[in-house]
Amino acid sequence: MTTIPSSGSNAERVFIFDTTLRDGEQSPGATMTFEEKLMVAECLDQMGVDIIEAGFPIASQGDFESVHAIAGRAKNAVIAGLARAINADIDRCGEAVKHARRGRIHTFVSTSPIHLQYQMKKSEDEVLEIIRATVARARNIVEDVEWSAMDATRTPIDYLCRCVEMAIAQGATTINLPDTVGYATPDEYRAMFEAVRNRVPNAGKAIFSVHTHNDLGLAVANALAGIAGGARQIECTINGIGERAGNAALEEIVMAIKTRCDVLPYTTGIEAAMLNRASKLVAAAASFPVQYNKAIVGRNAFAHESGIHQDGMLKNASTYEIMTPESVGVTKTSLVMGKHSGRAAFKSKVRELGYELGDNAIEDAFNRFKALADRKKHVYDEDIEALLDEGIATAADRMKVVALTVIAGTMGPQSATLTLDMDGKHDTIQSSGNGPVDAIFNAIHKLVPHNALLELYQVHAVTEGTDAQAEVSVRLAAEGRSVTGKASDPDTLVASAKAYLSALNKLTARGARLHSTAVG
Ligand code: KIV
Ligand code: ZN
């Protein structure tokens, strides 16, 4: 690379607040298990995230337990929990984060006229009084209190300033002004921070924070504009997952600041070489695939297709690359693994790909790698990553595919004979359907009667070639929850069965009752 600008000595530190486990988990289908949340939190902590928003403790017993456990384990990061401006929320959040080395209560209330009139049915003065009482209550429990003005970007500036002044007077140490509905433009967002910081007399006592949503595709641009307006904390998520169109993507913000430090004179504490690993981990844990052309972490982010670009790249990478793949932890796809590779080579490949596995998990992964290498000539890094991610997701599964035989082709009806292991007991059934996938899903339905709704069925190839592994995603919804199961296998139909079961496993793990509605 020839033109990497260096961040001058006056680059200012910006704090990274990751909300993958809270706002990110609010993406439909992106729910994670307790173990998955601990793994993601550990990765974020190692990567240098300053504040991890670990969840919404009052939302459920599961949320409370994961925030509590993450608070007890984090080595470096501040652990925050979210709380509405309600006493019970604040107290529960306090219980979850109080024992952290550094714990934070993040409390919020809506401030915009639309929210006050239609959702809260409260006057401006009533909301001001709520801010006074709830921030003070939070501050009595922990020293580190963040207050958010929900829908700040649609709040008249005079009233917003009164709210911010009140929150700081009651001891809020961070003030977050979110673009909750993803409506602001960068100029407007920057101007809002400048106005509030100039007009609120006690503004200097708090750090200001940006929190942006991507409804108009402006989340990262708005976050950076807010920083130019004086904010020094950025709320973001890995892979940009989050409510509706998502939040600002952490990896994009970090690399924009790093790559363009000539015009963005800031620094973060993030170890950028861990970004690719974090992206893969979150995609696997949340079963939320990353779009191919996603900036920084998409599989095409460093792929050069056109002849002119390839020619330039061969001569000098800086012709068409503004950052190196290695700088975000992408290693070149290599073809070194095959059926003759031994345990030691496999272990070192696993480490090279950024995974830390215990002895049992390595042994399990190695056996699955051997099985794959027997069936697939070339085992690429992506194949091993798919296999490891699947292992992370399936370690605690109660139902597993033991055997599957499918009859497909032009002479219907297509049929499937399926054997499942359910809590150690094997059961076999045959079923037909309108196509092989339908036949498999019907067979699973017979063995595991349920009324979950199939919301999504998606297949893509992990690598190239007709022997490539198929990666299948299945999203199921039941009792207002929606979960995504993912699985890969060189046989698309086997991957389909595993992905469907993985989603069912997640639903049951989250306590959903799979009502018995036996089908014929
Ligand atoms: O988007 C938003 O306003 C939020 C708040 C809870 C901070 O997520
Ligand atoms: Zn949000």
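Note that the structure is a prediction, hence the values are computed from the model and not measured.

**Comments concerning the nonpolar core**
Working step 1: Core analysis: the biggest nonpolar cluster contains 95 residues, and M47, W147, V164, I175, L177 and I234 have the highest contact counts within it.
Working step 2: Discounting chain neighbours no more than four positions away, the residues touching I234 are V14, F15, I16, F17, V210, A223, I227, I253 and I257.
Working step 3: Ranked by size, the runner-up nonpolar core spans 29 residues in total, among them V472, A497, A499 and L507.

**Here's the deal with the coordination of the zinc ion (ligand 2)**
Working step 1: At this site the zinc ion (ligand 2) is bound by D23 (OD), H211 (NE2) and H213 (NE2), with donor distances of 2.0 to 2.2 Å.
Working step 2: Judged by relative accessible area, which is 5%, H211 ranks as buried.
Working step 3: Exposure remark for H213: the relative accessible area of 4% places this residue in the buried category.

**Notes on the sheet that holds strand β16 (residues 481-489)**
Working step 1: Ordered by their spatial adjacency, 3 strands build an open sheet running β14-β15-β16, and the pairing between neighbours is antiparallel. Each edge of the sheet is formed by a strand with only one pairing partner; in this case those strands are β14 (453-461) and β16. Each strand axis lies, on average, 15° off the axis of its neighbour in the sheet, ignoring direction.
Working step 2: Bridge count between strand β15 (residues 470-478) and β16: 9 bridges; the pairing is antiparallel.

**Examining the packing of helix α3 (residues 87-97) against helix α5 (residues 124-141)**
Working step 1: Two elements in contact, α3 and α5, have axes separated by 10 Å at closest approach and are oriented at 20°. One element, α3, and the other, α5, form an angle in the roughly parallel class. Both α3 and α5 take part in a crossing whose hand is right-handed. Counted together, N87, I90, D91 and G94 of α3 and T134, R137, A138 and I141 of α5 form the full contact between these two elements.
Working step 2: Residues of the contact of α3 with α5, tallied by class, amount to 3 nonpolar, 3 polar and 2 charged.

**Comments concerning the packing of aromatic side chains**
Working step 1: All chains considered together, the criterion is met by 6 aromatic pairs.
Working step 2: On the basis of an interplanar angle of 40° and a centroid distance of 6.2 Å, the ring pair of F366 and F369 is categorised as tilted. Here F369 and F366 lie together in helix α13 (residues 359-375), a separation of 3 residues that amounts to about one turn.
Working step 3: For F366, a relative accessible area of 6% puts it in the buried group.
Working step 4: When the ring of F441 is compared with that of Y457, the centres are 5.8 Å apart and the planes differ by 85°; the resulting orientation is edge-to-face. One end of the pair, F441, is in helix α15 (residues 436-447); the other, Y457, is in strand β14, and 16 residues separate them in sequence.
Working step 5: Chaining the aromatic ring pairs together yields one cluster made of F346, F366 and F369.
Working step 6: Lying across the ring of F64, R92 places its NZ or CZ 3.7 Å from the centre.
Working step 7: Sitting above the plane of the Y292 ring, R299 keeps its charged end 4.7 Å from the centroid.

**Here's the deal with the confidence of the model for the chain**
Working step 1: With 93% of its residues at a pLDDT of at least 70, the chain reaches an overall mean of 90.
Working step 2: Low confidence marks residues 516-520, where pLDDT is under 50. Its contacts with residues over four positions away, or in another chain, come to 9 contacts.

**Let's talk about the environment of G329**
Working step 1: Tracing the backbone shows G329 in the loop between α11 (307-315) and α12 (343-352).
Working step 2: According to the relative accessible area criterion, G329 is partly exposed, its value standing at 27%.
Working step 3: Through-space distance from the C-alpha of G329 to that of L353 is 8.7 Å; in sequence the pair is 24 residues apart.
Working step 4: Contact partners of G329, with chain neighbours within four places excluded, come to A272, A273 and N276.

**So, the pairing of strand β3 (residues 51-55)**
Working step 1: Most of β3 sits inside the fold, with 5 of its 5 residues counted as buried.
Working step 2: Between strand β2 (residues 15-18) and its parallel partner β3, the chain crosses via helix α1 (residues 34-47), and the hand of that crossover is right-handed.
Working step 3: Following the chain from β3 across helix α2 (residues 61-73) to the adjacent parallel strand β4 (residues 78-84), one finds a crossover that is right-handed.

**Section: the pattern of salt bridges**
Working step 1: According to the stated counting rule, one finds 28 salt bridges in the structure shown.
Working step 2: A salt bridge links R137 to D91, with the shortest nitrogen-to-oxygen separation between them at 2.8 Å. Of this pair, R137 sits in helix α5 while D91 sits in helix α3, and the two are 46 residues apart along the sequence.
Working step 3: Residue R137 is classed as partly exposed on the basis of its relative accessible area of 31%.

**Quick look at α12**
Working step 1: Among all positions in α12, only F346, K349 and V350 are buried. All buried residues of α12 fall inside an arc of 100° around its axis, so they share one side. Away from its buried face by more than 90 degrees, α12 exposes A344 and R351.

**Some details on the site of ligand 1**
Working step 1: Taken together, the residues surrounding ligand 1 are R22, D23, H106, F108, S148, M150, N176, P178, T180, H211 and H213.
Working step 2: The contact in question runs from an oxygen atom of ligand 1 to an N or O atom on the side chain of R22, over 3.0 Å.
Working step 3: The contact in question runs from an oxygen atom of ligand 1 to an N or O atom on the side chain of H211, over 3.1 Å.
Working step 4: Within the complex, 95% of the 260 Å² of free accessible area of ligand 1 lies under protein.
Working step 5: Elements supplying a minimum of two residues to the shell around ligand 1: β5 (103-110), β6 (144-150) and β7 (174-179).
Working step 6: Classifying every residue of the shell around ligand 1 gives 3 nonpolar, 6 polar and 2 charged.

Cut-offs and rules
Residues numbered from 1 in each chain as written. Chains lettered and ligands numbered in written order. Predicted model: local features only at pLDDT ≥ 70, side-chain atom pairs only at ≥ 80, totals over all residues. Heavy atoms only, no water. Core = buried A, V, L, I, M, F, W, Y, C linked by side-chain atoms within 4.5 Å. Buried < 20%, exposed > 50% of the residue type's maximum accessible area, 1.4 Å probe, protein only. Contact = heavy atoms within 4.5 Å. Donors = N, O, S within 2.8 Å, 3.2 Å for Na, K, Ca; no water. Pairing = 2+ DSSP bridges. Helix = DSSP H or I, 4+ residues; strand = E, 2+ residues; numbered from the N terminus. Axes fitted to C-alpha atoms, helices over the stretch in contact; angles between N-to-C directions. Parallel < 35°, antiparallel > 145°, perpendicular 65-115°, else oblique. Left-handed = near helix turned anticlockwise from the far one by under 90°. Nonpolar A, V, L, I, M, F, W, Y, C, P; charged D, E, K, R; others polar. Phe/Tyr/Trp six-rings, centres within 6.5 Å; stacked < 30°, edge-to-face > 60°. Lys NZ or Arg CZ within 6 Å of the ring centre and 35° of its normal. pLDDT = per-residue confidence, 0-100. Right-handed = clockwise from strand over helix to strand, strands pointing away. Salt bridge = Lys/Arg side-chain N within 4 Å of Asp/Glu carboxyl O. Arc of directions from axis to C-beta. Near = heavy atom within 4 Å. Polar contact = N/O pair within 3.5 Å; in protein donor to acceptor, adjacent residues only side chain to side chain. Areas by Shrake-Rupley, 256 points an atom, 1.4 Å probe, with all protein chains shown as cover.

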